[in-house]
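A closer look at the structure
The lines below spell out each chain.
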Amino acid sequence: MSMRIRTSALTALTVAALAAGTVLTAPAAGAAPKAAAPKFLSASQLPPHPTSAWTAGPVTEGFPEGLGFCVSTEGVLDYEYRHREFRTDLDTGAVQLTVVASTPALAKALAKHYDDLIRTCADRIENSSPDIEAEGRDYGSLPVEEGARVRGLHTETSWGATDISLLSVGRDGKTVTVVSWGQMGDFDDAPVAAFKKTTTTAVNKLY
């Protein structure tokens, strides 16, 4: 995947349930109620695939490998990551990551950090492997909650593998979400308008 950066390219880069009878009790005096967890996209909210329906995996703890080479945990605080992966029956996949920071200021800095990583991803890919050519594009910002930005990434290997990814970073208060979509192809194959709609839905849906 583009975001995954396909397997061949990655090789070159070397990437509370209630039981019956349970009694509900009020929180201890002075204890703050647990904040609601951010919600995730559903399969129907991904850019439509022309020949195959999307399938959504479970919401899972941890950082997703599906974000590939562009976004990582290096250089940031030890946050609790949650993600959901999506797939079609063909070579198209997507993933959504959510991170809740302790303050809006930290979330703002984290969103900028992730966007910077995506913005510079093409250069880092090329510097990591002479066998891969990469190009990034900026598709602009979106006026949703505290903002979101969409970018594209195309990679092509010396043996002919070509992949296109769309990546976005958005924020709602203390929560940051990263969404990626990828398949074989180039910029002409990228559903930019539909992915912008998906990103807007993802940020609006967090809470």
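Now for a quick tour of the structure.

Rules and cut-offs
- Residues numbered from 1 in each chain as written.
- Predicted model: local features only at pLDDT ≥ 70, side-chain atom pairs only at ≥ 80, totals over all residues.
- Heavy atoms only, no water.
- Helix = DSSP H or I, 4+ residues; strand = E, 2+ residues; numbered from the N terminus.
- Buried < 20%, exposed > 50% of the residue type's maximum accessible area, 1.4 Å probe, protein only.
- Areas by Shrake-Rupley, 256 points an atom, 1.4 Å probe, with all protein chains shown as cover.
- Core = buried A, V, L, I, M, F, W, Y, C linked by side-chain atoms within 4.5 Å.
- Contact = heavy atoms within 4.5 Å.
- Phe/Tyr/Trp six-rings, centres within 6.5 Å; stacked < 30°, edge-to-face > 60°.
- Lys NZ or Arg CZ within 6 Å of the ring centre and 35° of its normal.

Description of the overall build of the chain
Looking only at helices and strands, the chain features four helices and eight strands. Within the chain, buried positions represent 44% of all 207 residues. As displayed, the chain offers around 10,700 Å² of accessible surface, 53% of which is attributable to carbon and sulfur atoms.

Things to note about the nonpolar core
Leu-97, Val-99, Tyr-114, Leu-153, Val-169 and Val-176 are the most contacted members of the largest nonpolar core, which totals 25 residues. When contributions to this core are tallied by element, the ones reaching two or more residues are strand S4 (92-100), helix H2 (104-119), helix H3 (121-128), strand S5 (132-142), strand S7 (162-172) and strand S8 (175-184). No other element matches the six residues that H2 contributes to this core. Contacts of Tyr-114, omitting those with residues within four sequence positions, involve Phe-63, Val-71, Ser-72, Tyr-81, Leu-97, Val-99, Val-169, Val-176 and Val-178. Judged by nonpolar contacts, the second largest core, of 21 residues, contains Trp-54, Ala-148, Val-150 and Val-192.

Let's talk about the packing of aromatic side chains
Summed over the entire model, instances satisfying the criterion amount to one aromatic pair. When the centroid spacing of 5.1 Å and the interplanar angle of 90 degrees are considered together, the rings of Phe-63 and Tyr-81 count as edge-to-face. Within this pair, whereas Phe-63 is found in the loop between strand S2 (60-61) and strand S3 (81-87), its partner Tyr-81 is found in strand S3, the two being separated by 18 residues in sequence. Given a relative accessible area of 8%, Tyr-81 falls into the buried group. Across from the ring centre of Phe-187, 3.8 Å away, lies the NZ or CZ of Arg-137, which sits over that ring.

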